[in-house]
Amino acid sequence: MTILKPALFAASCLLAACGTPADLYSVTAPQPSERIAIAFNTVEVRDVSLPAYAAADEIAIEGAGGLLLTDADVRWADTPERAVALELTRHLVQLSGKRVASEPWPFEDYPDASLEVRFESFIARTDGLYRASGQYFVSSDQGDNDDFGLFDLTVAYDPLGGPAAIATARGQLVLDLAELIAREGLR
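Calculation notes
Residues numbered from 1 in each chain as written. Predicted model: local features only at pLDDT ≥ 70, side-chain atom pairs only at ≥ 80, totals over all residues. Heavy atoms only, no water. Helix = DSSP H or I, 4+ residues; strand = E, 2+ residues; numbered from the N terminus. Buried < 20%, exposed > 50% of the residue type's maximum accessible area, 1.4 Å probe, protein only. Areas by Shrake-Rupley, 256 points an atom, 1.4 Å probe, with all protein chains shown as cover. Polar contact = N/O pair within 3.5 Å; in protein donor to acceptor, adjacent residues only side chain to side chain. Contact = heavy atoms within 4.5 Å. Pairing = 2+ DSSP bridges. Core = buried A, V, L, I, M, F, W, Y, C linked by side-chain atoms within 4.5 Å. Axes fitted to C-alpha atoms, helices over the stretch in contact; angles between N-to-C directions. Parallel < 35°, antiparallel > 145°, perpendicular 65-115°, else oblique. Left-handed = near helix turned anticlockwise from the far one by under 90°. Salt bridge = Lys/Arg side-chain N within 4 Å of Asp/Glu carboxyl O. Phe/Tyr/Trp six-rings, centres within 6.5 Å; stacked < 30°, edge-to-face > 60°.

(A) Up close: the overall build of the chain. For the chain, the helix and strand inventory stands at four helices and nine strands. Its helices and strands taken in sequence order, the chain reads α-β-β-α-β-β-β-α-β-β-β-β-α from the N to the C terminus. The burial tally for the chain puts 40% of its 187 residues in the buried class. Accessible surface, the chain as shown: approximately 10200 Å² in total, 54% of it carbon and sulfur.

(B) Structural context of the side chain of S114. For S114, the location among the structural elements is in strand 7 (residues 113-125). Residue classification places S114 among the buried residues on the basis of a relative accessible area of 9%. Side chain to side chain, S114 and E44 meet in a polar contact 3.4 Å long. In this structure, S114 is in contact with E44, R46, F137, V138 and S139, ignoring residues within four places of it in sequence.

(C) Spatial organisation of the pairing of strand 7. The element strand 7 is extensively covered by neighbouring structure, given that ten of its 13 residues are classed as buried. The pairing of strand 2 (residues 42-49) with strand 7 spans six bridges and is parallel. The residue bridging E44 from the neighbouring strand is S114, located in strand 7. In terms of strand pairing, strand 7 meets strand 8 (residues 129-140) through eleven bridges, oriented antiparallel. Residue pairing for strand 8: I123 is matched across the bridge by R131. Between strand 7 and strand 8, which pair antiparallel one after the other, the connecting turn spans three residues, and G128 there sits at a positive phi close to 95 degrees.

(D) Unusual backbone geometry, seen in detail. Each neighbour pair has its own omega, and for E103 with P104 the value is 0 degrees, a cis peptide bond. For P104, the location among the structural elements is in the loop between strand 6 (99-102) and strand 7.

(E) Spatial organisation of the nonpolar core. Core analysis: the largest hydrophobic core is formed by 44 residues, its most contacted members being L115, V117, F119, F122, Y130 and L177. Per element, the largest residue contribution to this core is eleven residues, and it comes from helix 4 (residues 162-185).

(F) Structural view of the environment of W76. One can find W76 in strand 5 (residues 74-76). On the basis of relative accessible area, W76 is assigned to the buried category, the value being 8%. Remark: the alpha-carbon pair of W76 and A167, spanning 91 residues in sequence, is separated by 8.5 Å. Beyond its immediate sequence surroundings of up to four residues, W76 is in contact with L24, Y25, V27, A56, D57, E58, I59, Y130, I166, A167 and R170.

(G) Structural context of the packing of helix 3 (residues 80-96) against helix 4. At their nearest, the axes of helix 3 and helix 4 sit 9 Å apart, and the two run at 50 degrees to each other. As the angle between them shows, helix 3 and helix 4 are arranged oblique. Between helix 3 and helix 4 the crossing geometry is right-handed. Of helix 4, the residues touching helix 3 (which contributes P80, A83, V84, E87, L88, H91, L92 and L95) are R170, G171, V174, L175, L177, A178, E179 and A182.

(H) Up close: the pattern of salt bridges. What the rule picks out here adds up to ten salt bridges. Between E116 and R118 there is a salt bridge, and its shortest N-O distance comes to 3.1 Å. The exposure class assigned to E116 is buried, which follows from its relative accessible area of 17%. One salt-bridge network, held together by shared partners, links R46, E116 and R118.

(I) How the structure looks around the packing of aromatic side chains. According to the stated counting rule, one finds four aromatic pairs in the structure shown. Centroid distance F119 to F122: 4.6 Å. Interplanar angle 45 degrees. Geometry classified as tilted. Of the two residues examined, F119 and F122, each falls in the buried class. Taking 5.4 Å as the distance between ring centres and 75 degrees as the angle between the ring planes, the aromatic pair formed by F119 and F151 counts as edge-to-face.

Now the structure itself:
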């Protein structure tokens, strides 16, 4: 009986190792083409909240009638909420030239402003549009600079390009959102 247990364990490990690994897709991050002045020297990207389907590792696509399609073997390379927060942070640094960091705030002094983004929708659709909608909130100790706004953005992509095209569109969409927040929310 003791010889049988190690043999079964070894066999199960071999079978698990033979499984096909999932295809992982990272987001292609475009570079901003302009500088946008913001009202704060330091900004913390405190929270990015995605819908459950967009926060999952599997890449979801919205089909006809709103049906969400996923494939367990087609996944994002990083957890989506973390990745979107880091993408927003990088873009806001590049756009503004200011000190922007994701939560938890890594510096000794407190940030001048905090940013929260709550996505209502964040999905590639089979018609070739990647859509993001939701709200952003900017809070600061300067009281009169608190702000919020709605966003509803779309980026076209080639549906025949598969997950790589979706990842590229998502990267462009997050850059577009960073530009909108810099122009309207952090001014």
